[in-house]
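Here's the letter readout for the chains.
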Amino acid sequence: MRNRFYFWVLFLSTSVLLIFAIFAAYRAFSPEWADYQAEYKKELVKVVKDEAAKSKARSLPIEIQQMYLADLNGIDRCTSCHIGFDNPLMAKSKVPLKEHSGDYLKVHSAEKFGCTVCHYGQGRATNRKEAHGLGHDTHWDFPIIPAKYLQSACAQCHDAAMLQAKGWDQAAKGEKLVNEKGCRGCHKLNNVGGVLGKALEGVGSKPIAYFPMGAVQGEKTTYSWFKQHFIDPRNLVPESEMKISVTDEEADLLTTYVLSLRAGEMPKQYRRLAITDGAKQPADGETLYKRYCIACHGEGKDSIFDETFNHTVPAIRNPAMLRALDDKNLKKIVSDGRMGTQMTSWKATAAGLPERDIEELVVYLAKNRPAGKPAAFSFPISKADPKHGETIFKMRCALCHGKKGEGGLGLNLRNPVVQAFDPEVLAVTVRDGRKDTPMPPFGKDGVNLKDQDIADVASYVKTLAQRK
Amino acid sequence: MNNTNQTGISVFKENLKSIGKSFSASFLRSGRPISDRSRAAAMFNNFFLHVQGVKTHINTLRPGYTLGLGFASFALLMMTVFTGVLIMIYYNPSIENAYNTVKDINYVVFGGRLLRNVHKWAGEGMIIFVMLHMARVFYTGSYKQGREFNWVVGIALLVCTFGINLSGYMLPWDQLAYWALVIVSNIIQSPKEITDSLGITQYFDIGGLSKELFLGGLHAGKESLTRVYLLHIMLLPMILFIFLGIHFWRIRKDGGLTKPEHFVPSAADTEYLSLPEKKGGIFTTSKTYGLMELAHGKTPAVGKDVEHEVLSWPNLLIAEAALFMLCFAGVVVYAFFIDAPLKELANPLIPENPAKAPWYFLGLQELLSYSAFMGGVGLPGLALLGLALAPYLDREQDHVGIWFSNQQGKKTALLSLVVGTAVLIGILAFAINFGWFRNWWPNVPQLLITLINPGNIWVGFMIIWTVFVVRKTGSTRMGAIALFTMFLVGFVILTYVGTELRGPNWGFYWFKSQWPPH
Amino acid sequence: MEGLNKAQNGAAVLFCSMLFSFVLIGTVQNAYGADSEAVSGKKIYEERCQICHGEKGDGKGLASNMRRMEKSGRILKVTPRDFTRGVFRFRSTATGCMPADADLLRLVDVGITRSFMPGHKDELKPEEKKAVIEHIKTFSNRWKDEAPCDPIPVKKPSWVGSKSSVEKGRIIYKKMKCWECHGDDGKGGGPKADKIKDDWGAPIPPFNFTVGALKRGGTPEDVYITYTSGLDGTGMPSYEDSLNEQDRWNLCSYTLKLMGLVK
């Protein structure tokens, strides 16, 4: 009886095993790609005219197709399903049997390039889901790239000038946007740029886990992350201070460009690149301003209280302000930045701007400086009374500059640059104000404070840095 | 010389025709097993089968006695080794190629996905079955009556099983593998916690040295993969098979599996072939193993009953065949539906959070979160030592072959289960809710935490409970049952906590859905 | 009286006329407000308020060139309030009415968030605040001609912020075409957003709810009062007549959701 029991266990287990072995064999013998290749053969037989070609089509073997790309260290098996990719007779067929569009294959032969170098995806895979790499469970960081971002791959081998000439200029347009919207003001590219944002070296080939994907809508891929980040940075990174305002098309162009920033280089035999870095070529002041400063300072004429930075961004091309700041001081501010604020230190050892570039920038900024010096402040500062100045400050200045001069709508007066000014310079600013900014004139053209009062305030302001 | 009347050519032709018969005759020399003698011969004349006795006791054949756990472990081992050898054809143990070759096994090799899945699930199934087998052996008191050393060999096999599984886990060089390697190398370094707090690390850095030995360098990299591969395919399997051979040899020498002293056959047991009555003769129907043993009466099986033994062929072999097929079918069905995990390529810059060891080490990792040394070296070492010494600390020789020994044993086991579960959950709940020393006194010295932490408290309680049981029942066997039950409770609960309830930064979460996004 | 000679008569007339003129002067001065208070209120205004609100209270002070850039990138030109029209946004009274003294006092105390009107809570003493408010009232004749109305009663029901209330509010938001100015997402970018002008003819952008709090405050009651009293002088009308009280509270719930204060 017990042996009968064991016998039945043996029999049933063996049956189950055989059934599943058959299932497994069926699965192994009819993979996805085999169905597609069978369909391909049928279509070919229909389309082809003469008998010889028909019988040749019928006798095509059904097997895994792969392109072994030694130099690119990869294997692409896409053509196991996309079997008709190089057959002109398949031009009108459905995907995946359809012929590859355009004449790209004429200059980028499949045997040398494979597919994934342009289209990404998981070349080694032999089923659609894992080959296309979409979805968290495929654990593949570089899924098939949507057509609108496809041009990001061209930049791995071709330089922007060549691509523009051929009309494939999306990445170049993206790069132009980057240079005009001042992205490098916060992000380093090729080691030059601000430090408020993450450096963009190789960001296009970073794995998915590098990005905070929690709030991404739709598929969690790097290109989705980039696009949505450009549309509204704070949707994806709530504490972001990124200042950007672009249309949908511009966001796509930027995404294409950013995706082309890949780590590593293509092997030499694949490259047709004139390796130039726009940032290292000599540029004039206006280009530099657009490349690095415009994102935060805008046109530079108005000072605006920025709710992202929670800080007033100074108007650095404001004539009244430039009258007060000489070139030496301007250069110092740009080089050393302002610690504790979002103003980066731009010198070569920090953000990476060579001194020549900083000088060009200062020249450009100084173009707005009006001729002539302001009227000298005649009241002797030695006769100033800082205590009285404190009373005036608390009543008139604290509302904008903060009770301790730490800033608010107005600038931070405790800042070392302000503190470095001679008190006469401060007095002139108080007296004459700064046109096109909220700073009014307090002298006789404005509030009508007497010179004594102005001198008192100026001398008080000079003591601000020592006070707690 | 041709001694027949036939011509040479016709003799040759005849030989050729009867090749099939003569080959099988030379191969299966015992003949067809149609008589008791030939059935016996089938066993002892066969290289593979003769490790098992010609006769088997009925108790061994009862499914409810052993649950086939030991054999199932062996069956899973065979499946793992077989599929492993096939996979070795394709796998390449270099960090440039490992991941891609594993992918190719999945995508390109015919049946490769199923092969890899079977290898993974049979391998991990072995851990479960080996633990269950250990529990069976323990609860039936089968580490007694001369079987003490075999129990120790079994513990060694347990360690080998864990080691082989762990080293295999690290081979695909994906994110799971890489970070498990990093975690395990840090566990190996855990003695540093002690040497640091004693200030002797600069002279005697056993932790760092062990880690370097394991990794083949200071960091996980290509040397580590080579070493892990060596461990997985050569060193540990070799050690495992040597110990396995000793383990089976010992079973034979110990007279097969244990059985109750007064074995009473049930209805189901009576349908076996039984030995013919032996009448007369000088030698009585008792087992002998050689004159020496007869003279000294040293082996356990001397003088034991042969009444309830039946021929191994077919009775034992059909049970084993059934069990083997059951395991085989089970693993294949499981492997058909559930893929062995494979994540992204290993990226040293992007740590998994939480970085977890494979599930069978997560109980240990939970203990590690309390104290590196205690969780990595101290408590596991203590556990293994305790397990290995069990047969020498409990030397009562009665009630062998009976689950839980007797009614008292059943009660002890149940009580230990309940009390152990409650106390461990209490300790864990306290530590999870209120934290531990460093949360309340940030400057507390590390040595204090090493000495007093939830893991140590749990083990301390285990020991106290065991001593309590020993004193209350006056029996070391009861104490052993209590201790082993506590050990199982600890292993299961801690593994569950580490697997299901720990999320990023080893924080406590009831469900995975509550984990904060990246 | 008989027997009073001419000199006594003259002294009595002189005395009475002096007395009368004192009284006259006193009443005339009273017509313009309390004597000492009018002077100090003006002084405080000159020192603290004039620089933005202007000498004539018309909002054209010296420091009136102020801008803010929202997180979305939209630049708002912030103009100080012109008191001469007597039109105020943040009132507890119905639309078209003058604000109560308490409203003005609150603005002086707390200021207006996300604007450049600072709070003066600790800077001024209570009587100084009252004095400055009285001075501000001199800039417009409406203060003389109209008395402030009764404040709007505000009683928040318990279901404000519940899921069903939010859903009802969403339907009202659509029906009342709030999205035309405030946009479907409440970010202030609706189709009509660019065309809205305030009472002074300057373009005024619709509010972006997603910043999380109104300029008036962040409580449900603040939202309710805004819908009931409207923001006079801007493009935001009062809905006191077009929505009943329940609907207004439902709309509050939905607004709180847009602000991110309820789920």
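Residues numbered from 1 in each chain as written. Chains lettered and ligands numbered in written order. Predicted model: local features only at pLDDT ≥ 70, side-chain atom pairs only at ≥ 80, totals over all residues. Heavy atoms only, no water.

## A closer look at the overall build of chain C
- Each helix and strand in chain C was counted, giving nine helices and two strands.
- Secondary structure elements of chain C occur, N-terminal to C-terminal, as α-α-β-β-α-α-α-α-α-α-α.
- Only carbon and sulfur atoms are counted for the fraction: they give 57% of the accessible area of chain C, which is about 14,800 Å². (Helix = DSSP H or I, 4+ residues; strand = E, 2+ residues; numbered from the N terminus. Areas by Shrake-Rupley, 256 points an atom, 1.4 Å probe, with all protein chains shown as cover.)

## Quick notes on the overall build of chain B
- Assigned secondary structure in chain B consists of 22 helices and two strands.
- Here the C-alpha coordinates of chain B stretch approximately 100 × 65 × 45 Å along the principal axes.
- Counting over 518 residues, chain B shows a buried share of 47%.
- Within chain B, residue pairs in contact and separated by at least 24 positions form 76% of the contacts whose partners lie at least 6 positions apart.
- When the accessible area of chain B is evaluated, it comes to approximately 26,800 Å², of which 68% is carbon and sulfur surface. (Buried < 20%, exposed > 50% of the residue type's maximum accessible area, 1.4 Å probe, protein only. Contact = heavy atoms within 4.5 Å.)

## Some details on the domain arrangement of chain B
Residue and element names in this part refer to chain B.
- Once the domains are mapped, chain B shows domain 1 (8–44), domain 2 (53–263 + 307–352) and domain 3 (398–518).
- Averaged C-alpha coordinates put domain 2 and domain 3 at centres separated by 25 Å.
- Counting from both sides, the interface comprises 24 residues of domain 2 and, opposite them, 17 residues of domain 3.
- The tally of links from domain 2 across to domain 3 stands at zero salt bridges.
- Between domain 2 and domain 3 we count nine residue pairs in polar contact (both at pLDDT 80 or more) in total.
- Counting residues per element, the ones that place at least two in the side of domain 2 that touches domain 3 are α5 (63–66), α8 (112–139), α9 (148–169) and α11 (191–198).
- If you tally residues by element for the side of domain 2 that touches domain 3, the top one is α8, at six residues.
- Taken together, the residues of the side of domain 2 that touches domain 3 sort by class into 13 nonpolar, six polar and five charged. (Domains from an automatic or database assignment. Salt bridge = Lys/Arg side-chain N within 4 Å of Asp/Glu carboxyl O. Polar contact = N/O pair within 3.5 Å; in protein donor to acceptor, adjacent residues only side chain to side chain. Nonpolar A, V, L, I, M, F, W, Y, C, P; charged D, E, K, R; others polar.)

## As for the pairing of strand β1 (residues 66–69) of chain C
- When strand β3 (residues 304–306) of chain A meets β1(C), the two strands line up parallel, connected through two bridges. Opposite A:Phe305, over in β1(C), you have C:Arg68 as the bridge partner.
- In terms of strand pairing, β1(C) meets strand β2 (residues 75–78) of chain C through four bridges, oriented antiparallel. The residue bridging C:Arg67 from the neighbouring strand is C:Lys77, located in β2(C). (Pairing = 2+ DSSP bridges.)

## Overview of the pairing of β2(C)
- Along β2(C), the buried face is formed by C:Leu76 and C:Val78; none of C:Ile75 and C:Lys77, which line the opposite face, is buried.
- Where β1(C) folds back on β2(C), the antiparallel hairpin that results is connected by five residues, among which C:Gly73 adopts a positive phi of roughly 105°.

## Section: the sheet that holds strand β4 (residues 311–313) of chain A
- Taken in spatial order, the four strands line up as β4(A)-β3(A)-β1(C)-β2(C) in an open sheet, and their pairing is mixed. Each of the sheet's edge strands pairs with one partner strand only, and the pair in question is β4 of chain A together with β2 of chain C. Pairwise comparison of adjacent strand axes, ignoring direction, gives a mean angle of 35° for this sheet.
- In this structure, β3(A) lies alongside β4(A), joined through three bridges in antiparallel fashion. Residue pairing in the sheet places A:Ile304 in a bridge with A:Val313 of β4(A). (Axes fitted to C-alpha atoms, helices over the stretch in contact; angles between N-to-C directions.)

## Overview of the interface of chain A and chain B
- At the junction of the two partners, chain A supplies 38 residues and chain B supplies 38 residues.
- Interface of chain A and chain B: buried area, both sides summed, is about 3,300 Å²; carbon and sulfur atoms make up 65% of it.
- It is A:Arg2, A:Tyr6 and A:His139 in chain A that bury the most area against chain B; as a group they hold 21% of the surface buried on that side.
- Two residues, B:Arg113 and A:Glu130, come together in a salt bridge whose shortest N-O distance is 3.0 Å.
- Here chain A and chain B share 12 residue pairs in polar contact (both at pLDDT 80 or more) between them.
- The residue makeup of the side of chain A that touches chain B, split by class, is 23 nonpolar, nine polar and six charged. (Buried area = accessible area lost by both parts, 1.4 Å probe.)

## Quick look at the pattern of salt bridges
- Under the counting rule described, the total for this entry stands at 41 salt bridges over all chains.
- Across the pair B:Glu366 and B:Arg502 runs a salt bridge, and its minimum N-O distance is 2.7 Å. Taken together, the residues span a long stretch of sequence, with B:Glu366 in helix α16 (residues 362–368) and B:Arg502 in the segment after α22 (476–500) at a distance of 136 residues.
- With a closest N to O distance of 2.8 Å, C:Arg170 and C:Glu167 form a salt bridge. Pair noted here: C:Arg170 and C:Glu167 are both in helix α6 (residues 163–175), with a separation of three residues, about one helical turn.
- Note on C:Arg170: relative accessible area 35%, which makes it partly exposed.
- Here C:Glu167 falls in the partly exposed class, since its relative accessible area comes to 35%.

## Thoughts on helix α16 (residues 355–366) of chain A
Residues and elements named next belong to chain A.
- Over its 12 residues, α16 extends 16 Å from the first C-alpha to the last, a length consistent with the 16 Å expected when each residue adds 1.5 Å.
- For α16, the complete set of buried residues consists of Asp-357, Ile-358, Leu-361, Val-362, Tyr-364, Leu-365 and Ala-366.
- Turning to α16, the residues buried within the fold contact α13 (285–297), α14 (319–324) and α15 (327–336). (Expected span 1.5 Å × (residues − 1).)

## A word on the nonpolar core
- Core analysis: the largest hydrophobic core is formed by 110 residues, its most contacted members being B:Tyr91, B:Met134, B:Phe138, B:Trp151, B:Leu181, B:Trp458 and B:Phe484.
- In terms of residues, this core owes the most to one element, α8(B), which gives 13 residues.
- Here this core gathers at least three residues from each of two domains, domain 2 (53–263 + 307–352) and domain 3 (398–518) of chain B.
- Sequence-distant contacts of B:Phe138, that is, excluding residues within four places in its chain, are made with B:Tyr143, B:Trp151, B:Ala390, B:Arg477, B:Ala480, B:Ile481 and B:Phe484.
- Grouped together as the second largest cluster of nonpolar side chains are 55 residues, A:Cys293, A:Ile381, A:Val461 and C:Ile51 included. (Core = buried A, V, L, I, M, F, W, Y, C linked by side-chain atoms within 4.5 Å.)

## Structural notes on unusual backbone geometry
Residue and element names in this part refer to chain B.
- The amide bond that connects Trp-313 to the next residue, Pro-314, takes the cis arrangement and shows omega of 10°.
- Here Asn-353 and Pro-354 are connected by a cis peptide whose omega angle stands at 10°.
- With a phi angle near 60°, Leu-67 is a residue other than glycine that sits in the positive phi range.
- With respect to the secondary-structure elements, Leu-67 resides in the loop between α5 and α6 (69–88).

## Quick notes on the side chain of A:Ser240
All names here are of chain A.
- Counting through the fold element by element, Ser-240 comes out in the loop between α11 (233–236) and α12 (248–259).
- One polar contact links the side chain of Ser-240 to the main-chain amide nitrogen of Met-242, over a distance of 3.0 Å.
- Ignoring anything within four residues of it in the chain, the contact list for Ser-240 reads Pro-233, Arg-234 and Thr-308.

## Focus on the state of the cysteines
- Inspection of every chain in the model, using the stated rule, returns one disulfide over all chains.
- The side chain of C:Cys97 participates in a disulfide bridge whose partner is C:Cys149; the two sulfur atoms lie 1.9 Å from each other. The sign of the -90° torsion about the S-S bond sets the C:Cys97-C:Cys149 disulfide as left-handed. One end of the pair, C:Cys97, is in the loop between β2 and α3 (101–110); the other, C:Cys149, is in the loop between α5 (142–145) and α6, with 52 residues separating them in the sequence.
- Classification of C:Cys149 by relative accessible area gives partly exposed; the value is 30%.
- Among the cysteines around A:Cys296, which has no disulfide bond, A:Cys186 carries the closest sulfur, lying 4.4 Å off.
- Note on C:Cys52: no disulfide assigned, nearest cysteine sulfur contributed by A:Cys400 at a separation of 5.8 Å. (Disulfide = S-S within 2.5 Å.)

## Thoughts on the interface of chain C and chain A
- In this assembly, 21 residues from chain C lie in contact with 26 residues from chain A.
- Of the roughly 2,100 Å² buried at the junction of chain C and chain A (both faces included), carbon and sulfur atoms supply 56%.
- Where chain C packs against chain A, one counts three salt bridges.
- Between C:Arg68 and A:Glu307 there is a salt bridge, with the nearest N and O atoms lying 2.6 Å from each other.
- Summed over the shared surface of chain C and chain A, the number is five residue pairs in polar contact (both at pLDDT 80 or more).
- Elements represented by at least two residues in the side of chain C that touches chain A include exactly α2 (35–53) and β1 of chain C.
- Across the side of chain C that touches chain A, the residue classes tally to eight nonpolar, three polar and 10 charged.

## Some remarks on the arrangement of the chains
- Of all two pairs of chains that touch, the greatest number of contacts is found between chains A and B.
- What separates chain B from chain C at the closest point of their C-alpha atoms is a distance of 18 Å, and the two make no contact.

## A look at the packing of α8(B) against α22(B)
Residues and elements named next belong to chain B.
- In the contact formed by α8 and α22, the axes pass within 11 Å of each other and the chain directions differ by 165°. By the angle between their directions, the pair α8 and α22 is classed as roughly antiparallel. Relative to α22, the crossing made by α8 is left-handed. Residue-level inspection shows Met-131, Met-134, Ala-135, Phe-138 and Tyr-139 of α8 in contact with α22, the latter providing Arg-477, Ala-480, Ile-481, Phe-484, Thr-485, Phe-487, Leu-488 and Phe-491.
- Taken together, the residues of the contact of α8 with α22 sort by class into 11 nonpolar, one polar and one charged. (Parallel < 35°, antiparallel > 145°, perpendicular 65-115°, else oblique. Left-handed = near helix turned anticlockwise from the far one by under 90°.)

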